[in-house]
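Structure assessment
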Amino acid sequence: MVTLWPRENYVAGGGRAQVALIALSTTKLPNPLPVSRTQHGMPEEGDGSEAVALAMRDRVENPDAFVEEVLVPFTDLIAQDLGPSAAATALATEHAYVIEAEIDDPDDLGHLQAAWALAKCVCEEGAAIVIDVYAARAHLGIEVAALRPDRAFDVMHEVTLFFEEEPEGTLAAWSLGLRKFGRPDLVVTGVTPEEATNAAILLRDIAQTMAAGERIEPGDKLATPDGLRVLTAERFEPEQFPLVAVDGDALLLR
């Protein structure tokens, strides 16, 4: 039996958790898909398997919309993460399998397990690329197919950290993917190049804490990994930091 991914420090009152994966395939896959709890990691406990849904889009039905709505928005991301060959494969795709999961304030991560179980099954059947929409990351299908069904939760498989240079020479850093846990993403600005590693560790550690169920709200204080500073969380206002590409709720730490 697959062990349900828990949230050991769950605190009620979080938001709606949302997962969106798009698997691209040049061939049409079996219908129904041969999803197995043991082979693919579909959890038996919790509400995860009921929260996930699969929809298919075929290029032949509306070629222009398929390219503009499914492929073009992610071409640069695929090229950056996987290289130009993968981007060319994506552009030649004939079928897209859209895997979505939504659940209000989940007290476990079964919805996330269920989404990846479906993605693993789809990739075993031939999908070449998987786009993790909210984490802004692309995966090769062979890598998703190779995921162990009994693997432990890994926050850095679910959350991506980004850095962008600010005009004054410092860095802005932020997370994407915490929407999967019903939690806001995280932003830090004014990071010197020497502080970049500590900023990444800070974001990773807080992301892990939030994935485990903790809540951080405006006004909360958090120590930096080196213990030299205490940061205060406040609501992120995107118009103040146009370089930061966060979509949805986020907290600014400063």
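Residue indices begin from 1 for each chain and proceed along its sequence in written order. Residues qualify for local features only when their pLDDT is at least 70, as the model is predicted, and side-chain atom pairs are given and counted only at 80 or more; totals for whole chains, interfaces and linings, by contrast, use all residues. Just so you know, side-chain values use all the structure's heavy atoms and leave hydrogens and water out.

1. So, the sheet that holds strand β10 (residues 230–235)
Quick reminder of the rule: Any two strands with at least two DSSP-identified bridges between them are counted as paired. The numbering of helices and of strands both runs from the N terminus, where a helix is a DSSP run of H or I of at least 4 residues and a strand a run of E of at least 2. Every axis in this analysis is a line fitted to C-alpha atoms, fitted for helices over the stretch in contact. Angles between the N-to-C directions lie between 0 and 180 degrees. Every residue pair with non-hydrogen atoms within 4.5 Å of one another is taken to be in contact.
What the six strands build is an open sheet, ordered β6-β7-β8-β11-β10-β9; its pairing is mixed. The open sheet has two edge strands with one neighbour each: β6 (160–165) and β9 (221–223). Taken pair by pair, the neighbouring strands of this sheet meet at an average axis angle of 25°, ignoring direction. Along the sheet, helix α8 (residues 196–211) contacts β6, β7 (171–176), β8 (185–191), β9, β10 and β11 (250–253); its crossing angle with β8, the most-contacted strand, is approximately 165°.

2. Some remarks on the sheet that holds strand β4 (residues 129–132)
Pairing in this open sheet of five strands is antiparallel, and the strands run β2-β3-β1-β4-β5 from one edge to the other. Edge strands, defined here as strands with exactly one partner in the open sheet, are β2 (52–58) and β5 (137–140). Pairs of neighbouring strands in the sheet enclose a mean axial angle of 20°, with direction left out of account. Packing of helix α3 (residues 63–82) onto the sheet brings it into contact with β1 (16–25), β2, β3 (95–104), β4 and β5, and relative to β5 it is tilted by some 80°.

3. Focus on the pattern of salt bridges
Note the cut-off: Here, a salt bridge means any Lys or Arg side-chain nitrogen found within 4 Å of an Asp or Glu carboxyl oxygen. Categorising residues by exposure relies on relative accessible area from a 1.4 Å probe, with only protein chains included: less than 20% of the type maximum marks a residue as buried, more than 50% marks it as exposed, and the intermediate range marks it as partly exposed.
Going through the model one piece at a time under the given rule, you end up with 13 salt bridges. Of the charged contacts in the structure, one is a salt bridge between K180 and D132, with a shortest N-O distance of 2.4 Å. Separated by 48 residues along the polypeptide, K180 in the loop between β7 and β8 and D132 in strand β4 bring together distant segments of the chain. Each member of the pair K180 and D132 is classed as buried. Residue E217 pairs with R215 through a salt bridge whose shortest N-O separation is 2.2 Å. On the accessibility criterion, E217 (36% relative accessible area) is partly exposed. Beyond isolated ion pairs, a larger network of salt bridges with shared partners links R16, E102 and D104.

4. Side note on the environment of F74
Relative to the helices and strands, F74 is located in helix α3. Take F74: its relative accessible area is 14%, and that puts it in the buried class. Spatially, the C-alpha atom of F74 lies 9.3 Å from that of R137, the residues being 63 residues apart in sequence. In this structure F74 touches I22, I131 and V133, once residues within four positions along its chain are discounted.

5. Details of the pairing of β5
Relative to β5, β4 runs antiparallel, the two sharing four bridges. Paired with I131 across the bridge in β5 is A138. Connecting β4 to the next strand, β5, in antiparallel fashion are four residues, including A136 with a positive phi near 50°.

6. Looking at the pairing of β4
Alternating residues of β4 divide into I129 and I131 and V130 and D132, and every residue in both groups is buried. Sheet topology places β1 next to β4; four bridges connect them, and they run antiparallel. The residue of β4 that forms the bridge with A23 is V130.

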